[in-house]
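Fold and geometry: a report
Here's the letter readout for the chains.
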Amino acid sequence: MDGEREGGVREQSSGRRGVKKIGGNERGRVTGRIQPAPRCRAMTQPRACQEQEDGLHEVTLSTQRLRVLPLAVLSNPGLESLDLDRNKLRSITGISKLFNLKRLILSKNEIVDFPTEIQSLVCLEKLELNQNQIRVIPEGVFSHLPRLKHLRLNNNRLSALPRDLTACQGSLQYLNISNNLFRTFPQPVLQLAHLQELYVQNNALRQLPRELFQGQSLRMFKANGNPLREPPSEVCAGGIQQIRNYFNQLQHSSGQEDKRVKTMFLGASLAGKSTICKSLKQGQTKLVPKEDRTVGIEISEFRIEDFTFLFWDFAGQLEYYMTHHVFITPQALVILVINLHMYQTNDKTFKELVSFWINNLSMRVPNSVVLPVGTHVDCCREEEVEEKRRDIMAKIAAMLMERKSNLAHFINNLEDSEEPEFYVDQWERLKEMESCTLTILNLIAVNCTDHRDIKKLEATILEHVKNEELFPEVVRVLPPIYRQVEAAIVDIAQGEEMADHGMMDLQYLLSKLSQCEHLANLGRELLQDILRYLHRVGLVVWYEEIKHLESTVFLQPTFLITMFKLLVRYRLVQQLESISVDTLIGEHATIRDRSNWVWTFKSKAMLCHRAVRALVKHQLCSEGMRDVFEEIMGHRPPSRRGKLFSLLEHFELCLEVRHTEALNPQASEFVPGKPWETTRGQGESWYLFPTYLNQTEEVSEVWGGDHPEDLHIRAYFSPEIPEGFFQRFLVKACSFYSTHWVAKATCLLICNGKPLLIKENNQRAYSYLELRCRKPAGRTGFQFAWDFLMAVVFIIQKLAEEWPGLHVCMKTPCRTAGCPAELIWPDMDGTNTMMKEDVKTCGTCGHRFGTELFLPKVPRQLEEPPAQPSAHYYVTSYGTTTFGPSSIHINRQNISSE
């Protein structure tokens, strides 16, 4: 029957966009809005016809499980806007009757065949068909849509666009065809002269046409996730102007192929990473003594045939892993080095030597190619080597299968939920993760003392990087000027005049390069383009986004690592204790001060500014780099920040903490709506390094223990909370909330005198961050409490985006003691979420609770009569609920809600 949905449902209010749902025996669930009047409530078909006489122009039927269009909608030819988002439509028969439509939303349905009736909608300006299953768009549709300005076709199965899309060349301004199957760039797009925004991410494009960037209308372009050769993805990441500059350079000379592979050596301490790295580079066995093992990260470059390999040798100690996220990048070959002599066929050593690294790679760079290399085979029997090889590969396969099974379980739970349309964004995220899996190559066992084994490993690496299916982006086409500037920078970096630290001012570098005859006309903009490219491939480091470092280029990336390992390193306490007396005197400190520094660092993971200066000076002197101390640390008194703290704070490795004992009369006046900067007090700065925190009782004492009445939510992580995640979260959260207490796995934030506790629980198959605050009283209290909680939730979600293979799911446990039920949160659109329902009923224990105790909501005033009967929802592991509009804004200095 037209307009009818399969099966009946309880009477309920969805709370989404003013849509009211009615039982299954009703027909034509329509939500109308007469402009400029407010939206109308849902209505039956006869009421829709009655509304039509009043001039209904906008109808919203989102999340109604519709399989056909309601007659009440089709009988209103004056309709201008129709939203059918998140339904079960496979066709839209009858849509041609709505010939005045200007806006049609058909996203997140089940459409396979492109609806050709759309060609009758000659007034159409906005069309969204994203997140369906469309494979082909027939000719003859877009030629009838001369007014179309906005077209979304992303997340389908398209491999081509119809030629008649050019009929929209005078009107189309926005086009999204990302997440499809395009292997070549669709030519009709080149005729869209007024196109301002174009999105082509996550297809299979190898080349972009230069004609696309010749006009000046295009303002936004994204192409990440494509195996691009021309221009390379590193160039595209620089934006439209850098792409234009790239093609302008190619007009003057033909492009050159650059075959470059970033190769990352990972593995536990003393696995043999440095030995393999140096042996491959020198072409012969090169044993590295234990005392010369990698501290931080070491970088080297060498060639095999016509391929250039950039080796990044990562230290294996856990302390150094905190810096790995800065340098571990996609599109690289990962060589996972495993000490087969230390490896035992049990879960403990597998976790330490293998699964820790596989897990973190699958979360951080889920599309990576990993080559496991077994070392120290000369210390094992031949049959022992084969047994351990089989055990490692079998356990890795089981890990990947478990991950795939878990993702399928999450997906099925969302699909089987009572109202899956409320979880479409989470479902799509999970499906995307399901398609991104690590490629694990067969383990190769080598004897690092045998030259033949090193050659065998070299041949294996070369064979894999030549495989275009594994490494589609290994070949890049570059203008000759890119290679010329790179060669000149290498010459400068290796020249006798260059200091060991390799730091150079950007303008001075430009002047040095301009002295080369073939680079005399090199401009600053082109140099910046080339530096961005070289930074992304790992040859130089230039952090233009860091204010204090935007004019500094690190021609030797290894020195940047040296800066990191000054304070993020193995056995830092011993380094503190070994600061010489001369260094202490130079920093106006005493031996007793040094003892206090050690005690404070051990107990609170904090160092004062003098301690940091003394420690850095001590280490730089030991490495013969005393001359760069002031530039790294800044001058004393600290009127100007040094480069070290700019780096550490930018990458969230430390947090400046200030003790204020009185009001600061020098502070600037706070004016609402205007930027406000803190004034540095007279007290000495302290720096917190969360990675060194120990478990303390201080947070628990201040918090005062959990109460049964607390508001209580959890952020679940799958497969686990990444190493270093909670420490970086502490830095982010504590930078927002200046009053805080921190420990190894807990954090207490204070806002307007109200506490919020965050606890980390990172067990296998049970990893979550728990957020608790005291149960508030009244509407204002609940508004503030949920705004506080949601601000922290957004910090967690924003940080989690840096791990593309990480799944985060928000849940609220049932408040009945002993009840295991949890309510999964629906999709959130990046804003605070407010609920409409007043009561939730747990399907496990049967108890009823106010919704404001489970989800973001301000309780209704007692004197306000309910607009309609409360809907009964079940709180289960994958329960149902909806979110409405929201309004929270997070700034560095304050958190405010509208």
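None of the values given here were measured: they were computed from a predicted structure. (Residues numbered from 1 in each chain as written. Predicted model: local features only at pLDDT ≥ 70, side-chain atom pairs only at ≥ 80, totals over all residues. Heavy atoms only, no water.)

**Here we look at the state of the cysteines**
Cut-off, in case you're wondering: Cysteine sulfur atoms are paired as a disulfide whenever they come within 2.5 Å of each other.
Considering all chains together, one arrives at zero disulfides under this definition. Cys 380 takes part in no disulfide bond, and the closest cysteine sulfur to it belongs to Cys 379, at a distance of 6.3 Å.

**Overview of the side chain of Glu 770**
The criterion, for reference: What counts as a helix is a DSSP run of H or I of at least four residues, what counts as a strand is a run of E of at least two, and both are numbered from the N terminus. Burial classes follow relative accessibility: with a 1.4 Å probe on protein chains only, a residue under 20% of its type's maximum area counts as buried, one over 50% as exposed, and anything between as partly exposed. Polar contacts, as used here, are pairs of N or O atoms within 3.5 Å; protein pairs need one atom able to donate a hydrogen and one able to accept it. Residues neighboring in sequence count only if both atoms are side-chain atoms.
When you line up the elements, Glu 770 lands in strand 29 (residues 766-773). Glu 770 gets classed as buried once you look at its relative accessible area, which sits at 5%. A polar contact is formed between the side chain of Glu 770 and the side chain of His 712, at a distance of 3.0 Å. Polar side-chain contacts of Glu 770 include one of 3.2 Å to the side chain of Arg 714.

**Looking at the confidence of the model for the protein**
What counts, and what does not: pLDDT is defined as a per-residue confidence score from the predictor, taking values between 0 and 100. Pairs of residues are marked as contacts when any of their non-hydrogen atoms sit within 4.5 Å.
Here the protein averages 79 in pLDDT, and 81% of its residues register 70 or above. Confidence over residues 1-54 falls short of pLDDT 50; this stretch has 142 contacts with residues more than four positions distant or in other chains. When the criterion is pLDDT under 50, residues 830-834 qualifies, and its contacts beyond four places in sequence or with other chains add up to 26 contacts.

**Overview of the sheet that holds strand 22 (residues 606-608)**
Operational definition: In short, DSSP must find at least two bridges between two strands for them to pair. For helices, the fitted axis covers only the stretch in contact; all axes are lines through C-alpha atoms, and the angles between them, taken along N-to-C directions, range from 0 to 180 degrees.
Spatial strand order, 22-24-23: three strands in an open sheet with antiparallel pairing. Among the strands making up the open sheet, the edge pair consists of strand 22 and strand 23 (655-657). In this sheet, neighbouring strand axes are inclined to one another by 30 degrees on average, regardless of whether the strands run parallel or antiparallel. Pairing of strand 23 with strand 24 (residues 686-688), which is carried by three bridges, proceeds in the antiparallel orientation. Directly across from Val 657, in strand 24, lies its bridge partner Trp 686. Sitting on the sheet, helix 18 (residues 591-604) is in contact with strand 22 and strand 24, with an inclination near 150 degrees to strand 22.

**A closer look at the environment of Leu 280**
Its location among the elements puts Leu 280 in helix 5 (residues 273-282). Exposure remark for Leu 280: the relative accessible area of 1% places this residue in the buried category. C-alpha of Leu 280 to C-alpha of Leu 457: the two residues are 177 residues apart in sequence and 8.3 Å apart in space. The contact partners of Leu 280, leaving out residues within four places of it in the chain, are Phe 265, Phe 302, Phe 311, Ile 454, Leu 457, Glu 458 and Ile 461.

**As for the sheet that holds strand 30 (residues 807-813)**
Strand order in this open sheet of seven strands is 26-27-28-29-25-30-31, and the pairing throughout is antiparallel. Across the chains shown, the open sheet's two edge strands, defined by having one partner strand only, are strand 26 (739-742) and strand 31 (822-824). Across the sheet, the mean angle separating the axes of adjacent strands is 20 degrees when strand polarity is ignored. Where strand 25 (residues 711-718) and strand 30 come together, five bridges link them in antiparallel fashion. Within strand 30, the residue paired with Tyr 716 across the bridge is Cys 809. Along the sheet, helix 23 (residues 725-736) makes contact with strand 25, strand 26, strand 27 (746-751), strand 28 (754-763) and strand 29, crossing strand 27 at roughly 15 degrees. Packed onto the sheet, helix 24 (residues 778-800) meets strand 25, strand 27, strand 28, strand 29 and strand 30 and runs at close to 10 degrees relative to strand 25.

**As for the packing of helix 12 (residues 480-494) against helix 13 (residues 506-514)**
Working note: a packed helix pair is described by the angle between its axes plus the distance between those axes. Going by this rule: Every angle not falling under 35 degrees, over 145, or within 65 to 115 is termed oblique; those three ranges are roughly parallel, roughly antiparallel and roughly perpendicular. Residues are grouped as follows: nonpolar covers Ala, Val, Leu, Ile, Met, Phe, Trp, Tyr, Cys and Pro; charged covers Asp, Glu, Lys and Arg; every other residue, Gly included, is treated as polar.
At their nearest, the axes of helix 12 and helix 13 sit 10 Å apart, and the two run at 105 degrees to each other. Put simply, helix 12 runs roughly perpendicular to helix 13. Counted together, Val 485, Ala 488, Ile 489 and Ile 492 of helix 12 and Leu 509, Lys 512 and Leu 513 of helix 13 form the full contact between these two elements. For the contact of helix 12 with helix 13, the class distribution of residues is six nonpolar, no polar and one charged.

**Some remarks on a nonpolar patch on the surface**
Applied cut-off: Exposure above 30% relative accessible area and no salt bridge define the residues that can form patches, which grow by joining like charges within 9 Å and nonpolar side chains of Val, Leu, Ile, Met, Phe, Trp and Tyr within 5 Å. For every accessible area listed, the method is Shrake-Rupley and the probe measures 1.4 Å; residues are considered covered only by the protein chains on display. Throughout this description, the term salt bridge denotes a Lys or Arg side-chain nitrogen within 4 Å of a carboxyl oxygen of Asp or Glu.
There is a patch of nonpolar side chains on the surface, built from Val 581, Ile 585 and Ile 591 and spanning about 270 Å² of accessible area. Along the chain, the position of Ile 591 falls in helix 18.

**With respect to helix 10 (residues 424-435)**
Selection criterion: Helix span, expected: 1.5 Å multiplied by one less than the number of residues in the helix.
The terminal C-alpha atoms of helix 10, which comprises 12 residues, lie 17 Å apart, in line with the 16 Å expected from a rise of 1.5 Å per residue. Those residues of helix 10 lying buried are Val 424, Gln 426, Glu 428, Leu 430 and Met 433. If you follow the buried residues of helix 10, they end up packed against helix 9 (382-415), strand 30 and strand 31.

**Focus on the pairing of strand 27**
Taken across its six residues, strand 27 has six buried, putting it largely inside the fold. The alternating pattern of strand 27 places Thr 746, Leu 748 and Ile 750 on one face and Cys 747, Leu 749 and Cys 751 on the opposite face, and all of these are buried. Examined bridge by bridge, strand 26 and strand 27 share four bridges and lie antiparallel to one another. Along strand 27, the bridge assignment pairs His 740 with Leu 749. Hairpin connection between strand 26 and strand 27: a loop of three residues separates the two successive antiparallel strands. Connecting strand 27 to the next strand, strand 28, in antiparallel fashion are two residues, including Asn 752 with a positive phi near 55 degrees.

**Section: the environment of Trp 542**
Note that Trp 542 resides in the loop between helix 14 (524-537) and strand 21 (552-554). Each C-alpha atom, one on Trp 542 and one on Leu 506, is 9.3 Å from the other, the two residues being 36 residues apart in sequence. When residues no more than four places from it in sequence are discounted, the contact partners of Trp 542 are Leu 506, Gln 528, Leu 531, Arg 532, His 535, Leu 549, Glu 550, Thr 552 and Val 553.

**A short note on unusual backbone geometry**
If a residue is not glycine, its phi is most likely negative; likewise, a peptide bond is most likely trans. Look at the link from Glu 230 to Pro 231: it is a cis peptide, with omega at -5 degrees. At the junction of Ser 718 and Pro 719, the peptide bond is cis and its omega measures out at 10 degrees in the coordinates. Relative to the assigned elements, Pro 719 resides in the loop between strand 25 and helix 23. Residue Thr 63 is not a glycine yet carries a positive backbone phi of 55 degrees. A positive phi angle, near 60 degrees, is found at Asn 155, a position not held by glycine. With respect to the helices and strands, Asn 155 occurs in the loop between strand 8 (150-152) and strand 9 (174-176).

**Regarding the packing of helix 9 against helix 10**
Heads up, the condition is: A clockwise turn of the near helix away from the far one marks a right-handed crossing, whereas an anticlockwise turn of less than a right angle marks a left-handed crossing.
At a closest axis distance of 10 Å, the pairing of helix 9 and helix 10 adopts a crossing angle of 160 degrees. Taken together, the axis directions place helix 9 and helix 10 in an arrangement best described as roughly antiparallel. The two elements helix 9 and helix 10 meet at a crossing, and its hand is left-handed. Listed contacts from helix 10 to Arg 403, Leu 407, Ala 408, Phe 410, Ile 411, Leu 414 and Glu 415 of helix 9 are Gln 426, Trp 427, Leu 430, Lys 431, Met 433 and Glu 434.

**A short note on the packing of aromatic side chains**
Operational definition: Whether two aromatic rings pair depends on their centres lying within 6.5 Å, for rings of Phe, Tyr and Trp, where Trp uses its six-membered ring; planes under 30 degrees apart make the pair stacked, over 60 edge-to-face, and the rest tilted. Only when the NZ of Lys or the CZ of Arg is both within 6 Å of the ring centre and within 35 degrees of the ring normal is a charge said to sit over the ring.
In this structure the tally under the stated criterion is 21 aromatic pairs. For the ring pair Phe 114 and Phe 142, a centre distance of 6.2 Å and an interplane angle of 55 degrees mean the geometry is tilted. Residue Phe 114 is located in the loop between strand 6 (103-105) and strand 7 (126-128), and its partner Phe 142 is located in the loop between strand 7 and strand 8; the two are separated by 28 residues in the primary sequence. Given the relative accessible area of 6%, Phe 114 is considered buried. Given a relative accessible area of 1%, Phe 142 falls into the buried group. Among the aromatic side chains, those forming a connected cluster through ring pairs are Phe 213, Phe 221, Tyr 246, Phe 247, Tyr 482 and Tyr 533. We note Arg 364 situated over the ring of Trp 803; from NZ or CZ to the ring centre the distance is 5.0 Å. Seen from the ring of Tyr 716, Lys 811 lies directly overhead, with NZ or CZ sitting 5.0 Å from the centre.

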